[in-house]
Structure formats: structure tokens, C-alpha cells
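Observations on chain architecture
What follows is each chain in one-letter form.
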Amino acid sequence: REAPAMVSRAVVATLGCVLTAAGHTQSLENHKSPSRIAAVVDALRDVLRATEQQHTDDAKAFKCYQQWCSSEIQREEVEIEEGKEQQEELHAVVNSEVAAESRYEYDLAGSEKDLEEINDAVQTAQALRDKEEAKFSREAELGTHVRLSSMGLFSSEWPSPLRRARAAWLSG
């Protein structure tokens, strides 16, 4: 901001020096070439006006760029704040999911342990049932023999057709 003003002041000072020198030169030359000096003075005035106009344009552009920068800074600050909020929300979601995963892993481990216990209990029950079934079958077979012999049905004196029927009945 100060640089264009300094340039403008330098140009004005230079013009002043040139005009003063031109005035002294003019008086020294006894007005021999007033048109050349006037042309230089006009050219320097044009340069001064152009420099002042450039300074005004630069000041407007600088103000425009300054407003643009301010609006961009505000927009970026809003985006940063929204990003931080979104990051916090996502962090909470991640923490929630990690907790749920841990809970599911714990439940799964407990379920696997329960399943092993259930399988062990089923195997134990199956073995007990098989043992009891074998015992029951033996006792039933012995009980049938005891009843039959107490009734005298195991007599060797029976006729052979009865023995065959009895054997068929016992085997079947």
C-alpha cells in the first residue's frame, strides 16, 4: 500500500526537479526551444497522471484482493470447523463400533465356551444313554429267561417244535 504512494511521490519529485531544471534551462537558452521543453513537461505530466491513475487502480485492486482474501479466510475457517465437527462425529462412531466389536468378540468367546460345554454334556448324556440301554437290554433278556425258566418253559423234555418256536420267539 505504501509502495505505490512512494512511487507516486518519487515521480512528483522527479517532475518537480525536471520542471525546475527545464525552467532554468529555458532561461539559459533564451527561449530558443520552448516547444521541446513544453513537450517534455507535457510528457512528464502524462506520466504523472498515468502513475497516479495506476496508483488508484492498484489501490482498488488491493482492496478487492483484500476482500477476497477475507472472504476466503472466513470460508476456510467454516470448512475447518465443519471438518473438526465431522471428525469428532466419526471418532465417536469409530469408538462405538470398536466397543460393539469387543462386545461381540466377548459374546462369541462365551458362546464358543457354552457350545463346548453343551457338546460335552450331549456326549456325556449319549454315552450314559448307550450304557443304560445296554444295561436295560441285558436285564430285559435276563428277566425273560428268568420268567420262562420259572414257568418251566426251558425244559429239555419239550417236543422239538416247541423248542423251535421258543428259540424263534427269543431270537425275534
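Residues numbered from 1 in each chain as written. Predicted model: local features only at pLDDT ≥ 70, side-chain atom pairs only at ≥ 80, totals over all residues. Heavy atoms only, no water.

It is worth spelling out the overall build of the protein chain at this point. Within the protein chain, the regular secondary structure consists of 3 helices and 0 strands. Tracing the protein chain from N to C terminus, the helices and strands come up as α-α-α. A buried classification covers 9% of the 172 residues belonging to the protein chain. Counting contacts in the protein chain only where the partners sit at least 6 residues apart, residues at least 24 apart contribute 56% of the total. For the protein chain, the accessible surface area stands at approximately 14,300 Å², while carbon and sulfur atoms represent 58% of it. (Helix = DSSP H or I, 4+ residues; strand = E, 2+ residues; numbered from the N terminus. Buried < 20%, exposed > 50% of the residue type's maximum accessible area, 1.4 Å probe, protein only. Contact = heavy atoms within 4.5 Å. Areas by Shrake-Rupley, 256 points an atom, 1.4 Å probe, with all protein chains shown as cover.)

Moving on: the packing of aromatic side chains. Scanning all chains against the criterion turns up 0 aromatic pairs. Its guanidinium or amino end placed over the ring of Tyr 104, Arg 103 lies 5.5 Å from that ring's centre, counting from NZ or CZ. (Phe/Tyr/Trp six-rings, centres within 6.5 Å; stacked < 30°, edge-to-face > 60°. Lys NZ or Arg CZ within 6 Å of the ring centre and 35° of its normal.)

Quick look at the confidence of the model for the protein chain now. Any residue range with low pLDDT should be treated as having predicted coordinates unsuitable for detailed reading. Averaged over all residues, the pLDDT of the protein chain equals 79, while 67% of them reach at least 70. Within the protein chain, the lowest mean pLDDT, 58, falls on helix 1 (residues 2-28), and the highest, 89, falls on helix 2 (residues 34-150). (pLDDT = per-residue confidence, 0-100.)

With that out of the way, let us pick up a negative patch on the surface. A surface patch of negative charge is lined by Glu 81, Glu 82, Glu 85, Glu 88 and Glu 89. Turning to its location among the elements, Glu 85 is positioned in helix 2. Looking at Glu 85, the relative accessible area reads 41%, which means it is partly exposed. (Patch = residues over 30% accessible without salt bridge, like charges linked within 9 Å, V, L, I, M, F, W, Y side chains within 5 Å. Salt bridge = Lys/Arg side-chain N within 4 Å of Asp/Glu carboxyl O. Lys, Arg positive; Asp, Glu negative; His and termini not counted. Charge placed at Lys NZ, Arg CZ, Asp CG, Glu CD.)

Summed over all chains, the structure comprises 4 salt bridges. Of the charged contacts in the structure, one is a salt bridge between Glu 79 and Arg 75, with a shortest N-O distance of 2.6 Å. One end of the pair, Glu 79, and the other, Arg 75, are both in helix 2, 4 residues apart, so they sit about a helical turn from each other. A relative accessible area of 38% places Arg 75 in the partly exposed class. It is possible to trace a salt-bridge network through shared partners that takes in Glu 72, Arg 75, Glu 76 and Glu 79.

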